[in-house]
Structure formats: C-alpha cells, structure tokens
Amino acid sequence: MRRAAGELESAIVSVLSGHDGLSVAEVRSALDETLAHTTVMTALVRLSRKGLLTRERQGRSFVYSLAAPAESLPALKAALRMHTELDSKVARAEVLANFVAALGSEDEATLRELLSSSRSEKPS
C-alpha cells in the first residue's frame, strides 16, 4: 500500500521526537516492520540532506536525530527553503527585496528586531 506524500517523513519525525537518536532498524521497528529497511533508510537520508535530521556514525551504521525540536521543524524547513532560493538565484538582493516588499507590517517589525539583535550579538 502506497503512503500519502510526506506521511513517512512525518511518521519518522514523530518517532525521533521521543528519542535522542535511533538507527534505521530502530526507526523501522517503531514505525512498521513490514516497511523495507531500504525504504526507511532512504527517507532518513533524504531528511538529513534536507537539514531536518542529523546523522552520526556509530560503528558500521548511522544514528539519526532531529536537527531541532519537533515543534521548530516547520520554521527550520521554511528557512532552509529560503536559503535554497537565495543560493540558486544570481540576483540575491532582488530575491530578498521581493521577500521584504511582501511582508506585512508585523512581520517587517519582527524582521527589523531580529536583524537588530543579530547585529548586536556579533563581535566587532
């Protein structure tokens, strides 16, 4: 039976949110042992390439963990997409200008606050 798009990734995030790190076999066992090992492994590798998971070698295999708390993953995902857009465009300033121009006043104020605090935290 075929899963809906994103369903396996969501299930993996749910499983990992309760653990510090799990191997492919442990994730597979927590999900559904009828899933192929390679299916779970592929999903874990894709999530780590997207920046949502970290992976660390332990022995001959890898242990996967969430890159951020589960409740922060949607924001991390959006930030990673923005970085991808900025990195793929020659006119970075134009991309940023269009983004800022589309912000509402509340979001603009939040962005100004974030930029201001970011500048004050950087060493001179």
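This one's a predicted model, so the numbers in the text were calculated from it and none came from an experiment.

## Describing the environment of Met-41
Checked against the element boundaries, Met-41 lands in helix H3 (residues 37-49). For Met-41, a relative accessible area of 34% corresponds to the partly exposed category. Linking Met-41 and Ser-120, residues 79 residues apart in sequence, is a C-alpha distance of 42 Å.

## Description of the side chain of Glu-9
Residue position: Glu-9 is located in helix H1 (residues 7-16). The exposure class assigned to Glu-9 is buried, which follows from its relative accessible area of 19%. Apart from residues lying up to four places away in sequence, Glu-9 is in contact with Leu-47 and Lys-50.

## Considerations on the pairing of strand E1 (residues 53-58)
Two strands pair when backbone bridges link them, and E1 and strand E2 (residues 61-66) are joined in this way by six bridges, in the antiparallel orientation. Each residue of the ladder has a partner; that of Thr-54, found in E2, is Ser-65. Taking the residues between adjacent antiparallel strands as the criterion, E1 and E2 are bridged by two residues, where Gly-59 takes a positive phi near 70°.

The rules behind the values
- Residues numbered from 1 in each chain as written.
- Predicted model: local features only at pLDDT ≥ 70, side-chain atom pairs only at ≥ 80, totals over all residues.
- Heavy atoms only, no water.
- Helix = DSSP H or I, 4+ residues; strand = E, 2+ residues; numbered from the N terminus.
- Buried < 20%, exposed > 50% of the residue type's maximum accessible area, 1.4 Å probe, protein only.
- Contact = heavy atoms within 4.5 Å.
- Pairing = 2+ DSSP bridges.

The quantities given are spatial measurements derived from coordinates; they are silent on function.
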